[in-house]
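# Tertiary structure, described
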Amino acid sequence: MTSHDMMRPKNRRGRSFAPVLVAALAASAPTWAGAAPGAAACTGCHGPAALGSAIPSLDGHAADDIVAQMQAFRSGEREATVMDRIARGYTEEETRAIAEWLAKPEAARHAQP
Amino acid sequence: MPSRRALIGGAAASVAAAVLAAPQVRAQAQPSVVVVGGGFAGASCARALKQLDRDLAVTLIEPETAYLACPFSNAVLAGLRGIDAQTFGYDRFGDIGFIRKRAVAVDAERRRVRLDDGTDIGYVRLVLAPGVDLRFDALPGYDEAAAEIMPHAWKAGPQTLLLRDQLAAMPDGGVVILSAPANPFRCPPGPYERASLIAHYLKTSKPRSKLIILDAKDAFSKQRLFEAAWRELYPGLIEWVPLSSGGRVTEVDPATRTLVTEFGSHKADIANVIPPQRAGRIAQSAGVADQTGWCPIDPVTFESRLQPAIHVVGDAAIGGAMPKSAFSANAQAKACAAAVAALVRERQPAQPKLINTCYSLIAPGYGISIAGVYQPRDGLLAEVEGAGGTSPLEAPSSVRELEAAYAEDWFRTITSEVFG
Ligand SMILES: Cc1cc2nc3c(=O)[nH]c(=O)nc-3n(C[C@H](O)[C@H](O)[C@H](O)COP(=O)(O)OP(=O)(O)OC[C@H]3O[C@@H](n4cnc5c(N)ncnc54)[C@H](O)[C@@H]3O)c2cc1C
């Protein structure tokens, strides 16, 4: 049906052509959510820093830092309760897009392009 | 007209009026999106829509004055938490038009929602998020009156307090029976979390009592983790009777608190009957529910497979592997909002990617989780392979403690995102 069909067999390694297609699709969609499919799901757990949650806030992190942490979760290098299981569902490209969106200041994240 | 103006606040009123006057709704500068249901799904969706496009007129229709959240309501039953901690007001919805009414019908052709006072409101796109209705026609003997004796407590509120009070009043040595329905239903691990926390209460307050789970299934969510923890924490206290051993309840008698199964009958001191469920009634009357009682949706836009311009999110929707959870409801609502915001501006919606994480408490300080990542595939929301799964079967108590703490903080975070 979609490019995701192609993702299925190789998705564990994130090494099919599909991520490129996903990124291309995303780039053509002008809303912020379109710019980073999946980013909206993060905030269900990761809230603003002011909440003082044991689950760390993602505010104020550089994109590279988020990408590196996700990689460490995916490989198992960084110990986790649940983020290892979640990180394995995202390709490198998807993670990068989400990280870049999350790294934007609050206002820019919600502004219309 | 005047009565509706009185009803609908500010911007929403003028949009509703404009929609009435001009049938060419698509050309509106301020397209009207109506969301029915102010639960985890609907409230999240209304908020996300407004965040995505401040120029949308977003109206949220919800009859209750406060929302009572189900996650952590099992801790209320066990006396570990007050009902206040489950209660959220609707006073922080900014410039979202909030209408405190029940939606009673949808005219999909004319794109109007009728409210319980006879007024109606037009929409360019409608989002239905009514949650579940408990089926009082599916289990002989179990109707609304029976639920006052054998509570379901599957919607938080008076039912939760009823079951809590029954447990508190039960003498030591009593038998509690919990009956769990077949799939699909709201919160797949919920009955087993409930069994765990009731067992915790019995162990600490009424140690000669027993808990029996009569199950219409042969397997359940996080089963190995639950069963291992039950052996460790509650040995001999919980008995799980699966479908194949006669666990399916076929009839109940509230007068004697008896549950009948294919293999015999069980008399309970307390019977917690979780009946089969279906999408909330408004989904049936809008024509978006199919013969299963649930609402099939497109996995990219959450638009109904049965009616154009009506989207369904949360427990009412069915579209693949995502479980019916508050976490899923919130994630779906945000993905749906992005699609609706694109569609009303005639742009192409992006492919969503969703997450679910469900925590369960087995005892205070003992948490476990199941997670999944989902994306559209073959017209359904499919689990991304290689991702997701449950907490490890073997883990030090520090990990269980951490997951219990994360569970609480997840609840705090998501409820502040959804209800402000
Ligand atoms: C005991 C228990 C424990 C749970 N624990 C967890 C957990 O730990 N984690 C988790 O993620 N999930 C959990 N859940 C599941 C979670 O509660 C549901 O999945 C979630 O509430 C679904 O959200 P929803 O918005 O679809 O429906 P609901 O929360 O039911 O909201 C629906 C709303 O729509 C309104 N409504 C209905 N019909 C109309 C109408 N016609 N007009 C206007 N408004 C209407 C209702 O008043 C209600 O406010 C649990 C559930 C139970 C029962």
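Residues numbered from 1 in each chain as written. Chains lettered and ligands numbered in written order. Predicted model: local features only at pLDDT ≥ 70, side-chain atom pairs only at ≥ 80, totals over all residues. Heavy atoms only, no water.

## Remarks on the overall build of chain B
- Secondary structure assignment for chain B yields ten helices and 25 strands.
- The C-alpha atoms of chain B give a radius of gyration of 22 Å, which matches the 22 Å a tight globule of 420 residues would have.
- Each principal axis of the C-alpha atoms in chain B carries an extent, and together these give about 70 × 45 × 35 Å.
- Expressed as a percentage of its 420 residues, the buried residues of chain B come to 62%.
- For chain B, restricting intrachain contacts to residue pairs at least 6 apart in sequence, the fraction spanning at least 24 positions comes to 66%.
- About 15300 Å² of surface is accessible on chain B, with carbon and sulfur atoms providing 51% of the total.
- Once the 43 positive and 43 negative side-chain charges of chain B are each reduced to a mean point, those two points are 4 Å apart. (Helix = DSSP H or I, 4+ residues; strand = E, 2+ residues; numbered from the N terminus. Rg over C-alpha atoms; globule rule 2.2 N^0.38 Å. Buried < 20%, exposed > 50% of the residue type's maximum accessible area, 1.4 Å probe, protein only. Contact = heavy atoms within 4.5 Å. Areas by Shrake-Rupley, 256 points an atom, 1.4 Å probe, with all protein chains shown as cover. Lys, Arg positive; Asp, Glu negative; His and termini not counted. Charge placed at Lys NZ, Arg CZ, Asp CG, Glu CD.)

## Regarding the pattern of salt bridges
- One pass over the structure, following the stated rule, counts 25 salt bridges over all chains.
- What emerges from the salt-bridge pattern is a single network uniting Asp64(A), Arg96(A) and Glu100(A). (Salt bridge = Lys/Arg side-chain N within 4 Å of Asp/Glu carboxyl O.)

## Some points on the domain arrangement of chain B
Residue and element names in this part refer to chain B.
- Taken domain by domain, chain B comprises domain 1 (4-134 + 277-419) and domain 2 (146-273).
- Measuring from the centre of the C-alpha atoms in domain 1 to the corresponding centre in domain 2 gives 29 Å.
- Tallying the contact residues gives 37 residues for domain 1 and 34 residues for domain 2.
- Buried surface at the junction of domain 1 and domain 2, both sides included, amounts to about 3100 Å², of which 68% is carbon and sulfur.
- Summed over the shared surface of domain 1 and domain 2, the number is two salt bridges. (Domains from an automatic or database assignment. Buried area = accessible area lost by both parts, 1.4 Å probe.)

## Quick notes on the side chain of Lys50(B)
Residues and elements named next belong to chain B.
- For lysine 50, the location among the structural elements is in helix H3 (residues 40-52).
- A polar atom in the side chain of lysine 50 sits 3.1 Å from the backbone oxygen of arginine 54.
- Setting aside anything within four residues of it in sequence, one finds lysine 50 in contact with Leu56, Val58, Asp95 and Ile96. (Polar contact = N/O pair within 3.5 Å; in protein donor to acceptor, adjacent residues only side chain to side chain.)

## Side note on the site of the ligand
Residues and elements named next belong to chain B.
- Near the ligand there are 37 residues, and of these Glu62, Tyr67, Ala103, Arg186 and Asp315 occur at the shortest range.
- Within the backbone of alanine 103, one N or O atom sits 2.8 Å away from a nitrogen atom of the ligand.
- Contacts to the ligand include aspartate 315, whose side-chain N or O atom sits 2.8 Å from an oxygen atom.
- If the ligand stood free it would expose 1000 Å²; the protein chains cover 93% of that surface.
- Among the elements of the structure, H3, helix H4 (73-77), helix H9 (326-344) and strand E22 (354-363) are those that each provide at least two residues to the shell around the ligand.
- Of the residues forming the shell around the ligand, the biggest block, three residues, is contributed by H9.
- Residue composition of the shell around the ligand, by class: 21 nonpolar, eight polar and eight charged.
- Two domains share the shell around the ligand, each providing at least three of its residues, namely domain 1 (4-134 + 277-419) and domain 2 (146-273). (Near = heavy atom within 4 Å. Nonpolar A, V, L, I, M, F, W, Y, C, P; charged D, E, K, R; others polar.)

## Observations regarding helix H5 (residues 63-75) of chain A
All names here are of chain A.
- In a regular helix each residue adds 1.5 Å, so 13 residues correspond to 18 Å; H5 covers 18 Å between its end C-alpha atoms and thus fits that length.
- All of the buried residues along H5 are Ala63, Ile66, Val67, Met70, Ala72 and Phe73.
- Those residues of H5 that are buried are in contact with helix H6 (83-87) and helix H7 (92-102). (Expected span 1.5 Å × (residues − 1).)

## Here's the deal with the pairing of strand E14 (residues 249-253) of chain B
Residues and elements named next belong to chain B.
- Of the strand pairs in this sheet, E14 and strand E15 (residues 258-261) are connected by four bridges, and their pairing is antiparallel. Each bridged residue has a counterpart across the sheet, and for valine 249 the counterpart in E15 is threonine 261.
- Connecting E14 to the antiparallel partner E15 that follows it, the hairpin turn spans four residues, and arginine 257 within it adopts a positive phi of roughly 50°. (Pairing = 2+ DSSP bridges.)

## Concerning the packing of H9(B) against helix H10 (residues 397-419) of chain B
Residue and element names in this part refer to chain B.
- Where H9 contacts H10, the axes come no closer than 11 Å and their chain directions differ by 35°. The crossing of H9 and H10 is left-handed. The residues of H10 that touch H9, namely those facing Ala326, Phe327, Asn330 and Lys334, are Trp410, Ile414, Glu417 and Val418.
- Its residues assigned to classes, the contact of H9 with H10 comprises five nonpolar, one polar and two charged. (Axes fitted to C-alpha atoms, helices over the stretch in contact; angles between N-to-C directions. Left-handed = near helix turned anticlockwise from the far one by under 90°.)

## Details of the packing of aromatic side chains
All names here are of chain B.
- The tally for this structure, following the rule as stated, stands at 19 aromatic pairs over all chains.
- When the centroid spacing of 5.0 Å and the interplanar angle of 35° are considered together, the rings of tyrosine 90 and phenylalanine 98 count as tilted.
- Using a relative accessible area of 7% as the deciding quantity, one classes tyrosine 90 as buried.
- Seen from the ring of phenylalanine 93, arginine 47 lies directly overhead, with NZ or CZ sitting 4.3 Å from the centre.
- In this structure, lysine 324 packs its charged tip against the face of tryptophan 294, placed 4.1 Å from the ring centre. (Phe/Tyr/Trp six-rings, centres within 6.5 Å; stacked < 30°, edge-to-face > 60°. Lys NZ or Arg CZ within 6 Å of the ring centre and 35° of its normal.)

## Regarding the packing of H3(B) against H10(B)
Residues and elements named next belong to chain B.
- Interhelical geometry of H3 versus H10 gives an angle of 55° and a closest axis separation of 8 Å. Between H3 and H10, the angle is such that the two are oblique. Listed contacts from H10 to Phe40, Ala43, Ser44 and Arg47 of H3 are Ile414, Thr415, Glu417, Val418 and Phe419.
- In the contact of H3 with H10, the residues fall into five nonpolar, two polar and two charged. (Parallel < 35°, antiparallel > 145°, perpendicular 65-115°, else oblique.)

## Comments concerning the sheet that holds strand E20 (residues 310-312) of chain B
Residues and elements named next belong to chain B.
- Across the sheet, which stays open at both edges, the five strands sit in the order E5-E2-E1-E9-E20 with parallel pairing between neighbours. Every interior strand has two partners, whereas the edge strands, strand E5 (97-99) and E20, have only one. Strand-to-strand, the axes of this sheet are offset by a mean angle of 20°, without reference to chain direction.
- Bridge analysis of strand E2 (residues 57-61) against E5 gives three bridges, and the strand direction is parallel. Each residue of the ladder has a partner; that of isoleucine 61, found in E5, is isoleucine 99.
- Relative to the sheet, H3 contacts strand E1 (32-36), E2 and strand E9 (125-128), its axis offset from that of E2 by approximately 170°.
- The strands touched by H9 are E1, E9 and E20; relative to E9, the strand with the most contacts, the crossing angle is about 170°.

## Regarding the environment of Ser221(B)
All names here are of chain B.
- Tracing the backbone shows serine 221 in the loop between strand E12 (210-215) and helix H7 (223-233).
- With 31 residues separating them in the primary sequence, serine 221 and glycine 190 have C-alpha atoms 8.9 Å apart.
- If near-sequence neighbours (up to four positions away) are discounted, serine 221 is found in contact with Pro188, Pro189, Phe226 and Ile370.

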